Amino acid sequence: MPEFGHCWSCSCTCRRPKSTLSAVGLVRRAGQTMSLLASFVITVYDSLANIHTLNLVRRGLVLFLVGVFLALVLNLLQIQRHVTLFPEEVMATIFSSAWWVPPCCGTAAAVVGLLYPCIDSHLGEPHKFKREWASVMRCIAVFVGINHASAKLDFANNVQLSLTLAALSLGLWWTFDRSRSGFGLGITIAFLATLITQLLVYNGVYQYTSPDFLYIRSWLPCIFFSGGVTVGNIGRQLALGIPDKPHSD
């Protein structure tokens, strides 16, 4: 009996390390699997974040170039019609415009164009009205036409011109946007841009001929509103990635 009890206790003692080792092995394997899974998830997340960041940079660069181009063309029109006057010392640059105007307009276009789809996503109201590049190009053409009209049309007074441009700007929004976020952002952009322009003119950076709204023209907020809607539509279309097929509304 003593020998049998000794053998039984020895066999139990020999078996315990094996079960303990198998449990430890399972824990280690589970830990390695979890660590591989975590590293895989982190890698996928980093790659998606890099893709999203790269997409934002590309869209911002395109919007910046669009803003620079529109600033050069539209500002040249205003200068040629003697609507906007810059000091003589800054008129020797490209397109007879101040050097800081295109970069500022390009930066503003990038910010506004990236902001529009973000606001749509935040509000949960994706913009689905006329989402194709043909509509965007028509919107740009109408915006250029509104800016051209502000310099070319002759009215008895600036009030009539301002009311006409306001109607055209609202027509642009109604034709190519029709979203509450687009209208609200357009009003906000028009207010802030007009305020900044007032400060620039007040500090003698440049000036407007025949100002009738403090130091600027009364129709200038209409230009900023329609410009914001136009750049917003460009930003929304760029955010799609792949152009949609044209459809009838």
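Residues numbered from 1 in each chain as written. Predicted model: local features only at pLDDT ≥ 70, side-chain atom pairs only at ≥ 80, totals over all residues. Heavy atoms only, no water.

1. Section: the confidence of the model for the protein chain
Going by this rule: Summary of the metric used: pLDDT quantifies the predictor's per-residue confidence within the range 0 to 100. Note on contacts: a residue pair is in contact if any heavy atoms of the two residues lie within 4.5 Å.
The predicted model of the protein chain averages 76 in pLDDT, with 65% of residues at 70 or higher. The low-confidence segment residues 1–16 (pLDDT under 50) makes zero contacts with residues lying over four places distant or belonging to another chain. Below a pLDDT of 50 lies the segment residues 89–95, which in the model reaches 10 contacts outside its immediate sequence neighbourhood of four places, other chains included.

2. Details of the packing of aromatic side chains
Quick reminder of the rule: Two rings belonging to Phe, Tyr or Trp (six-membered ring only in the last case) form a pair when the distance between their centres is within 6.5 Å. Interplanar angles under 30 degrees mark stacking, angles over 60 mark edge-to-face geometry, and anything in between is tilted.
Scanning all chains against the criterion turns up three aromatic pairs. What links up through ring pairs into an aromatic cluster is the set Trp173, Trp174, Phe183 and Phe225.

3. Here we look at the layout of surface pockets
Threshold: The rule is simple: put a 1 Å grid over the protein atoms alone, call a set of points where a 1.4 Å probe fits but cannot get out a cavity, call an open set with protein on both sides within 12 Å along at least five of seven lines a pocket, and count a residue as lining if it has an atom within 4 Å of a point. Grid points are joined across faces, edges and corners, and a volume is the space filled by probe spheres set on the points. Gly is placed with the polar residues, together with every amino acid not listed as nonpolar (Ala, Val, Leu, Ile, Met, Phe, Trp, Tyr, Cys and Pro) or charged (Asp, Glu, Lys and Arg).
Size it by volume and the largest pocket reaches roughly 1,100 Å³. The wall of the largest pocket is formed by 36 residues, among which Cys105, Ala108, Ala193, Thr197 and Phe224 lie closest to the centre. Its residues assigned to classes, the lining of the largest pocket shows 27 nonpolar, nine polar and no charged.

4. With respect to the packing of helix α2 (residues 101–123) against helix α5 (residues 180–202)
The condition that has to hold: Working convention: axes come from line fits to C-alpha atoms, limited for helices to the stretch in contact. Angles between N-to-C directions cover 0 to 180 degrees. Starting at the N terminus, helices and strands are each numbered in turn, a helix being any DSSP run of H or I of at least four residues and a strand any DSSP run of E of at least two. Any angle from 65 to 115 degrees is called roughly perpendicular, while one under 35 is roughly parallel, one over 145 is roughly antiparallel, and all others are oblique. By the definition used in this description, the sense in which the near helix is turned from the far one sets the handedness, with an anticlockwise turn below a right angle giving left-handed and a clockwise turn giving right-handed.
α5 packs onto α2 with a crossing angle of 140° between their chain directions and a minimal axis gap of 10 Å. Taken together, the axis directions place α2 and α5 in an arrangement best described as oblique. The two elements α2 and α5 meet at a crossing, and its hand is right-handed. Together, Val112, Leu115, Tyr116, Ile119, Asp120 and Leu123 of α2 and Ser181, Gly182, Leu185, Gly186 and Ile189 of α5 make up the contact between the two elements. Residues belonging to the contact of α2 with α5 are distributed by class as follows: seven nonpolar, three polar and one charged.

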